[in-house]
Amino acid sequence: MKVCKFGGTSVASAEQIQKVANIVKADPTRKIIVVSAPGKRFDGDVKVTDLLIRLATSALSGEDTTGALSHVVGRYASIAEELGLDSEIVSIIAADLSYRLAFSKDDPSLFFDQIKASGEDNSAKLIAAYFSSIGMPAEYINPKQAGLVVTDPPKRVQALPESYNNLSNLANQQSISIFPGFFGYTNDGTLRTFDRGGSDITGSILSAAVKAELYENFTDVDCVFAANPRVVENPVEIEKMTYREMRELSYAGFAVLHDEALMPAFKESVPVCIKNTNNPQSTGTMIVAERDYSRLPVTGISADSGFSTLYVSKYLMNREIGFGRKLLQILEDEHVSYEHIPSGIDNLSVIIRSHQLTPEKESRIVDRVQTELEVDDVHFISNFSMVVLVGEGMKYTTGLAARATDAIARTGANIEMINQGSSEVSLVFGVLKEDETKILKELYNEFFVPSLVV
Ligand code: ASP
């Protein structure tokens, strides 16, 4: 049995949903279908999830929601009409949205989740109705009834262990299960959404639960590329990579798959395949536990901006017992997580995703570090990018870091930080944001187009 997830662009219009039906029809083992909310149909279009966020925002601020509501219902109505469905499904969707809008607004985050989740929920209902109308036996699955139980915030929303057992029952369904992505329910029955892009996570959870032979993640690109095609012209296509490589690449900017979507599939050794709804014949990219990495040591190069560094220096820091713990405690008190901590003898840098910081938070952190840890210097530096070289083969290749730093030197940019993870599957360079693109291009040439390097 295969689990397939279809992303927003794959279900954005009637034409796209017809392609989905053809893909599912072509392989009878495609039995569990996870769907996103309708996404963008063209450049400049707005995803239904974003329309829903606008709708929830205006409802929370007490504005008239008629226009925003009819915008959302209109997206489904035009799809339904083009698919030749009768108006019943549109009435169901309109009633569902009105019901959700009447929910308590006391906790805005719960209200937001309710409204956002309707995007995938109604998409699943509509697609199940369409499949049935063309003679494909299909059933909409309600995640609450199916038992997708998740943790309660402030913890990250993640599937609880019992979900896997509950959801394994889907393997016995005769008809095709159409499952909405992106959300589950806490033990007390409260709806909670995953992060943006979280339908990938739902697909992975389901594929682990039913121990699928394959988790096919259908999107709008043929495969995963070795570097961002918007930066590098015609980058190499990755045929096969390991879970760890994909995890490292999606951590820093590879948006093809949500970075939390691999763990459930990985734990049950379910291979993942990235495929294109618009070109299903193409083989796609396989993500597996092991691959032959003798040919190319580097699999891909990613880059992401939006990092800040908390720089701390204190003479004899290395001898001070508990220094690191006390520093991290201050960050924990401010609800700030960290990415890397490269350190010297008397100094260290804590790399943080900048979206977690505000000027007030930064100054509270700096004040506390200064007074409680009696440091010589503490300050924040913002506008960093991380450029990450990823490849299982790097561990077995000597001179690789030298080649990478040489390539960066050729661009004239300075390396602010280097971090080689203990697994040696990635090599991370902290650089100034303005240098990110030229470094990515030069590293790509170094490792993938050697003929270009003089
Ligand atoms: N619709 C949600 C989003 O736009 C979830 C998803 O598509 O995976 O983030």
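All of these numbers come straight from a predicted model, not from anything done at the bench.

What counts as what
Residues numbered from 1 in each chain as written. Predicted model: local features only at pLDDT ≥ 70, side-chain atom pairs only at ≥ 80, totals over all residues. Heavy atoms only, no water. Core = buried A, V, L, I, M, F, W, Y, C linked by side-chain atoms within 4.5 Å. Buried < 20%, exposed > 50% of the residue type's maximum accessible area, 1.4 Å probe, protein only. Contact = heavy atoms within 4.5 Å. Helix = DSSP H or I, 4+ residues; strand = E, 2+ residues; numbered from the N terminus. Arc of directions from axis to C-beta. Pairing = 2+ DSSP bridges. Near = heavy atom within 4 Å. Polar contact = N/O pair within 3.5 Å; in protein donor to acceptor, adjacent residues only side chain to side chain. Areas by Shrake-Rupley, 256 points an atom, 1.4 Å probe, with all protein chains shown as cover. Nonpolar A, V, L, I, M, F, W, Y, C, P; charged D, E, K, R; others polar. Phe/Tyr/Trp six-rings, centres within 6.5 Å; stacked < 30°, edge-to-face > 60°. UniProt positions renumbered as here; feature names shortened; annotations may be inferred.

A. Region of interest: the nonpolar core. Counting residues in hydrophobic clusters, the biggest one holds 67 residues, and the most contacted among them are Leu167, Phe179, Ile287, Ile301, Leu389 and Leu443. Discounting chain neighbours no more than four positions away, the residues touching Phe179 are Ile33, Val34, Val35, Ala124, Ile141, Pro143, Ala146, Leu148, Leu167, Leu170, Thr202 and Leu206. One finds Phe6, Ile23, Ile79 and Ile115 within the second-largest nonpolar core, a separate group that totals 44 residues.

B. Helix α11 (residues 323-333), seen in detail. Every buried residue belonging to α11 is among Phe323, Leu327, Ile330 and Leu331, and all of these are buried. End-on view of α11: buried residues confined to an arc of 100 degrees, all on one side of the axis. Exposed and oriented more than 90 degrees from the buried face of α11 are Arg325 and Glu332. Where α11 is buried, its residues contact β13 (300-313), β14 (347-353) and α12 (359-373). Two residues or fewer after α11 comes His335, characterised by a positive phi angle close to 55 degrees.

C. Spotlight on the pairing of strand β2 (residues 30-35). Within β2, 6 of the 6 residues are buried, leaving the element largely enclosed by the surrounding structure. Bridging between strand β1 (residues 2-6) and β2 involves 5 bridges; their strand directions are parallel. If you follow Val3 over to β2, its bridge partner there is Ile32. Note: β2 against strand β4 (residues 176-180), 4 bridges, orientation parallel. Within β4, the position partnered with Ile33 by the bridge is Ile178.

D. View of the environment of Asp106. Along the polypeptide, Asp106 turns up in the loop between α4 (88-101) and α5 (108-133). Residue Asp106 is classed as exposed on the basis of its relative accessible area of 74%. Spatially, the C-alpha atoms of Asp106 and Ser385 are 38 Å apart, while their sequence positions differ by 279 residues.

E. Quick peek at the site of the ligand. Every residue lining the ligand is accounted for by Ser36, Lys47, Thr49, Glu120, Phe182, Arg196, Gly197, Gly198 and Ser199. In this structure, Ser36 approaches the ligand through a side-chain N or O atom, which is 3.0 Å from an oxygen atom. One of the backbone N or O atoms of Gly198 is found 3.3 Å from an oxygen atom in the ligand. In isolation the ligand has 260 Å² of accessible area, and contact with the protein removes 94% of it. Looking at the shell around the ligand, its residues break down into 1 nonpolar, 5 polar and 3 charged.

F. The arrangement of the packing of aromatic side chains in detail. Counted according to the given criterion, the structure contains 6 aromatic pairs. For the ring pair Tyr243 and Phe266, a centre distance of 5.1 Å and an interplane angle of 75 degrees mean the geometry is edge-to-face. Here the residue Tyr243 occupies a position in helix α9 (residues 243-251), and Phe266 occupies one in helix α10 (residues 262-267), the gap between them amounting to 23 residues. Here Tyr243 falls in the buried class, since its relative accessible area comes to 5%. Judged by relative accessible area, Phe266 falls into the partly exposed class, the value being 37%. With a centroid separation of 5.0 Å and an interplanar angle of 15 degrees, the aromatic rings of Tyr444 and Phe448 are classed as stacked.

G. Expanded view of the pairing of β13. Of all 14 residues in β13, 10 are buried; the element is thus mostly enclosed. In this structure, β13 lies alongside strand β15 (residues 377-390), joined through 12 bridges in antiparallel fashion. Within β15, the residue paired with Leu310 across the bridge is Phe380. Where β13 and β14 come together, 7 bridges link them in antiparallel fashion. Bridge pairing in β14 links Thr309 to Ile351.

H. Fine view of helix α8 (residues 199-209). Across the 11 residues that make up α8, a large majority, 11, are buried. Within α8, burial applies to Ser199, Asp200, Ile201, Thr202, Gly203, Ser204, Ile205, Leu206, Ser207, Ala208 and Ala209. Directly beyond the C-terminal end of α8, a positive phi value near 50 degrees is found at Lys211.

I. Highlighting unusual backbone geometry. At Phe182, a residue that is not glycine, the phi angle is positive and equals roughly 90 degrees. Summarising the element assignment, Phe182 is placed in the loop between β4 and β5 (183-185). Note on Phe182: relative accessible area 4%, which makes it buried. Despite not being glycine, Lys211 has its phi angle at roughly 50 degrees, a positive value. With respect to the helices, strands and loops of the structure, Lys211 is situated in the loop between α8 and β7 (214-219).

J. Representation of the side chain of Asp96. Inspection of the secondary structure assignment puts Asp96 in helix α4. Not counting the four nearest positions on each side in its chain, Asp96 is found in contact with Ser118, Asn122 and Lys125.

K. Molecular detail of the UniProt feature "binding site: substrate" (unreviewed entry) in the protein. In this structure's numbering, the residues bearing the UniProt feature "binding site: substrate" (unreviewed entry) are Thr49 and Glu120. A stretch of 72 residues holds the annotated residues, and the largest C-alpha distance among them is 8.5 Å, short enough that they meet in one place. Within the secondary structure layout, Thr49 lies in helix α2 (residues 48-60). A residue is classified by how much of its surface remains accessible, and Thr49, at 8% relative accessible area, is buried. Once residues within four sequence positions are removed from consideration, Thr49 is found in contact with Ala37, Glu120, Phe182 and Arg196.

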